[in-house]
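# Secondary and tertiary structure notes
Below, each chain spelled out in residue letters.
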Amino acid sequence: MSVRRAQAAVENERQVILREMEEVESQIEEVVFDRLHEVAYVGTPLARTILGPTENINSITADDISRYVKTHYTAPRMVLAAAGAVEHDQAPAVGAVAAATLSTMPPASRVRPRTVG
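An account of the accompanying structure is given in this report. Every value quoted in this text rests on a predicted model; they were computed, and no experiment measured them.

### Quick notes on the overall build of the protein
Helix and strand content of the protein: 5 helices and 0 strands. Ordered by position from N to C terminus, the α and β elements of the protein give α-α-α-α-α. Residues counted as buried form 14% of the 117 residues belonging to the protein. Residue pairs at least 24 apart in sequence account for 71% of intrachain contacts in the protein once pairs closer than 6 positions are excluded. When the accessible area of the protein is evaluated, it comes to approximately 9500 Å², of which 60% is carbon and sulfur surface.

### Thoughts on the packing of aromatic side chains
A full pass over the atoms with the stated rule returns 1 aromatic pair. Between Y68 and Y73 the ring centres are 6.5 Å apart and the planes differ by 65°, which places this aromatic pair in the edge-to-face class.

### Focus: the environment of A96
Along the polypeptide, A96 turns up in helix α5 (residues 91-99). Expressed as a C-alpha distance, the spacing of A96 and A75, which sit 21 residues apart in the sequence, is 9.6 Å.

### Considering the environment of V10
Tracing the backbone shows V10 in helix α1 (residues 3-25). Separated by 51 residues in sequence, V10 and T61 place their C-alpha atoms 6.8 Å apart. Setting aside anything within four residues of it in sequence, one finds V10 in contact with I60, T61, A62 and I65.

### With respect to the pattern of salt bridges
A complete count under the given rule lists 5 salt bridges for this structure. Measuring nitrogen to oxygen at the nearest pair gives 3.9 Å for the salt bridge that ties E25 to R35. With E25 in helix α1 and R35 in helix α2 (residues 28-40), this residue pair connects regions lying 10 residues apart in the sequence. For E25, a relative accessible area of 47% puts it in the partly exposed group. On the basis of relative accessible area, R35 is assigned to the partly exposed category, the value being 36%. Note that R67 is salt-bridged to D63, the shortest N-O span being 2.4 Å. Taken together, the residues span about one helical turn, with R67 and D63 both in helix α4 (residues 62-72) at a distance of 4 residues.

### Some remarks on the side chain of R14
Among the secondary structure elements, R14 is positioned in helix α1. Aside from chain neighbours lying at most four places away, what touches R14 is Q7, I57, N58, S59 and I60.

Rules and cut-offs
- Residues numbered from 1 in each chain as written.
- Predicted model: local features only at pLDDT ≥ 70, side-chain atom pairs only at ≥ 80, totals over all residues.
- Heavy atoms only, no water.
- Helix = DSSP H or I, 4+ residues; strand = E, 2+ residues; numbered from the N terminus.
- Buried < 20%, exposed > 50% of the residue type's maximum accessible area, 1.4 Å probe, protein only.
- Contact = heavy atoms within 4.5 Å.
- Areas by Shrake-Rupley, 256 points an atom, 1.4 Å probe, with all protein chains shown as cover.
- Phe/Tyr/Trp six-rings, centres within 6.5 Å; stacked < 30°, edge-to-face > 60°.
- Salt bridge = Lys/Arg side-chain N within 4 Å of Asp/Glu carboxyl O.

Here you go:
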């Protein structure tokens, strides 16, 4: 995907998320539920809303997402799970093919997480 198309996709999704945030804020049950979690889980990720702070939504870029994926979506951080009508003896081979293009190490310049709130 080109950089221009990636940024356009992020901008489109940003607008969708901002509309969802407005909708959630207009529903008293959702607001109460979010505030309850904010108080009950202070200092943990569970205290945050699903959609995140507006500042983050407004500032995220396609490059931010690309860096995140390259840092966190690496082979050592993934698990292969198989269930149902699966030939379990074949699962490792399928996983190896799928993981062949994944990095085995995150980039050297790790991005420090931003904490808001």
